[in-house]
Structures are given as C-alpha cells and as structure tokens.
Amino acid sequence: MNIMLFHSTYGLRPAVTSAAELLEAAGHTVWTPDLFEGRTFETVEEGMAFKDGIGQDELLKRAVLAAAPHSESGLVYAGFSLGASLAQNLALGDDRARGLLLLHGTSDIAENASADELPVQLHIADPDPFEPHDWLTAWYLGMGRAGADVEVYRYPGAGHIYTDPGLPDYDEEAAGATWRVALGFLESLTA
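A. Quick peek at the packing of aromatic side chains. Within this structure, the stated rule accounts for five aromatic pairs. Seen from their ring centres, phenylalanine 41 and phenylalanine 50 are 5.1 Å apart, and the 40° between their planes marks the pair as tilted. What makes phenylalanine 41 buried here is its relative accessible area of 7%. Feature note: the residues Phe36, Phe41 and Phe50 constitute an aromatic cluster, connected by ring pairs.

B. Inspection of the nonpolar core at higher detail. In terms of nonpolar packing, the biggest core is built from 33 residues, with Phe6, Tyr77, Leu100, Leu118, Val120 and Met143 touching the most fellow members. For this core, the elements supplying multiple residues, two or more each, are β1 (2-6), α3 (56-67), β3 (75-80), α4 (82-92), β4 (99-103), β5 (119-126) and α5 (133-146). Residue contributions to this core peak at seven residues, all from α4. Ignoring anything within four residues of it in the chain, the contact list for valine 120 reads Leu100, Leu102, Trp139, Met143, Ala148, Asp149, Val150, Glu151 and Phe185. If you look at the next biggest cluster of nonpolar residues, it comprises 18 residues, including Ala78, Leu101, Trp179 and Ala182.

C. Here's a closer look at helix α1 (residues 14-25). For α1, which comprises twelve residues, the first-to-last C-alpha distance of 16 Å matches the rise-based estimate of 16 Å (1.5 Å per residue) to within 8%. Of all the positions in α1, only Ala15, Val16, Ala19, Ala20 and Leu23 are classed as buried. Angularly, the buried residues of α1 cover 145° about the axis, an arc narrow enough to put them on a single face. When the buried face of α1 is taken as reference, the exposed residues oriented beyond 90 degrees from it are Pro14, Glu21 and Ala25. Tucked inside the fold, the buried residues of α1 contact β1, β2 (29-31), β3 and α6 (172-190).

What counts, and at which threshold
- Here the residue numbers are simple positions, counted from 1 along each chain's written sequence.
- In view of the model being predicted, local features appear only for residues whose pLDDT reaches at least 70, and side-chain atom pairs are presented and counted only at 80 or more, with totals across whole chains, interfaces and linings using the full set of residues.
- Processing note: side-chain calculations cover all non-hydrogen atoms of the structure and skip hydrogens and water entirely.
- Planes of paired rings set the category: under 30 degrees apart is stacked, over 60 is edge-to-face and the rest tilted, where pairs are Phe, Tyr or Trp rings (Trp by its six-membered ring) whose centres lie within 6.5 Å.
- Exposure categories follow from relative accessible area, calculated using a 1.4 Å probe and restricted to protein chains: below 20% of the type maximum is buried, above 50% is exposed, and the middle band is partly exposed.
- What is meant by a nonpolar core is a set of buried Ala, Val, Leu, Ile, Met, Phe, Trp, Tyr and Cys residues, joined one to another through side-chain atoms within 4.5 Å.
- Per the convention used, a helix needs a DSSP run of H or I reaching at least four residues, while a strand needs a run of E reaching at least two, with both numbered from the N terminus.
- Residues count as neighbours in contact if any of their non-hydrogen atoms are within 4.5 Å of one another.
- Here the expected span of a helix is defined as 1.5 Å times the quantity of residues minus one.
- Think of the arc as the fan of directions from the helix axis to the C-beta atoms.

Note that all results are geometric; they support no functional claim without further evidence.
As structure tokens, then:
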C-alpha cells in the first residue's frame, strides 16, 4: 500500500517517522510530508498558534501538493490529529483513495461529500477533549451518509495523541493495540 501520513500540530516529530518505519517494515511505502517546514513544538498551544498563523487553506494546499505526485497509484491517507483532519479532506476528494486511517482526529464533512465505500478506520482516546462524543457521533453518521465503511476504535483513559512516546499523552498499551489493528486494516486493503 502507498500511504500518505500527515503529522499533528506538533510537527514532524520522531513519533511520525517511527510510525512510518513501522508501516514500511510491514511492506508499505510511506511518505511523511513536513507541512510545517521543519518546525516542531513541545506544546499543543505552540503548535496551534503556528498552525493558525499558516491558515487552514494553506495547510490543505501543502497537503494536496505533497500527495499529488503519488495519488495516481491510489493512496491510503493517514494522519495524526491535525494530520488526520487533512487526510480525511484529501481522501474524500480523491476518487482513487484506497483507504483512510485516522489517528486521534477527524474533520468536518461537506454536505455533498461522497466516499463510495471508502474503508475508514478511526483510533481515538475516550474521552478526547478535541473530539467530544457528540461530535464523533455526528461525524460517524456523516461519514456513513457519504458512503464510507467506518470502523471506530476507542481507548478509554488514553490521552489525545497517545501513540507518541515523546508526549505526556502516551499510553503504551493503547498505542500497541492501535498499531496492531491499523496494520491489520492496511493488510486488508491489499487483498
């Protein structure tokens, strides 16, 4: 599988490149574009301020430009938190998308969005301050209306970006479970 993996608002941290290495070891080809042009952040507040300075439209443009050279082959879009939001937007706009792997985040869904049986897997903390239950219910229903085939995995007690060992949110057990399930999901897309 060809995977476009987008980083969170913390930037392209070692956890993102480690995730890419894990996916590559399982036989996938992975791209990890740096949408923040080398900047990384220690706190979510710093990352959010930087993201807001760039603007959502510019970030989406950078993500599209990163994916465009590889999209012809049919990508699985994936991302962490902010990166998951970007991945979702790209996957819903790409008829050739093979799948969508969302880690710690989702995005708004346009009324006219069409996913045509797109396989989608979401891994999320429970509760997650950035993804409240009411929001996730509406998101799930919206993705279903768009035609996506959605699986949601919740991790009680885990922090928001619980797969990053360099953050206070890290939860080793939840991270291990996430990667086991995600690798199975990606394997199912190659069948």
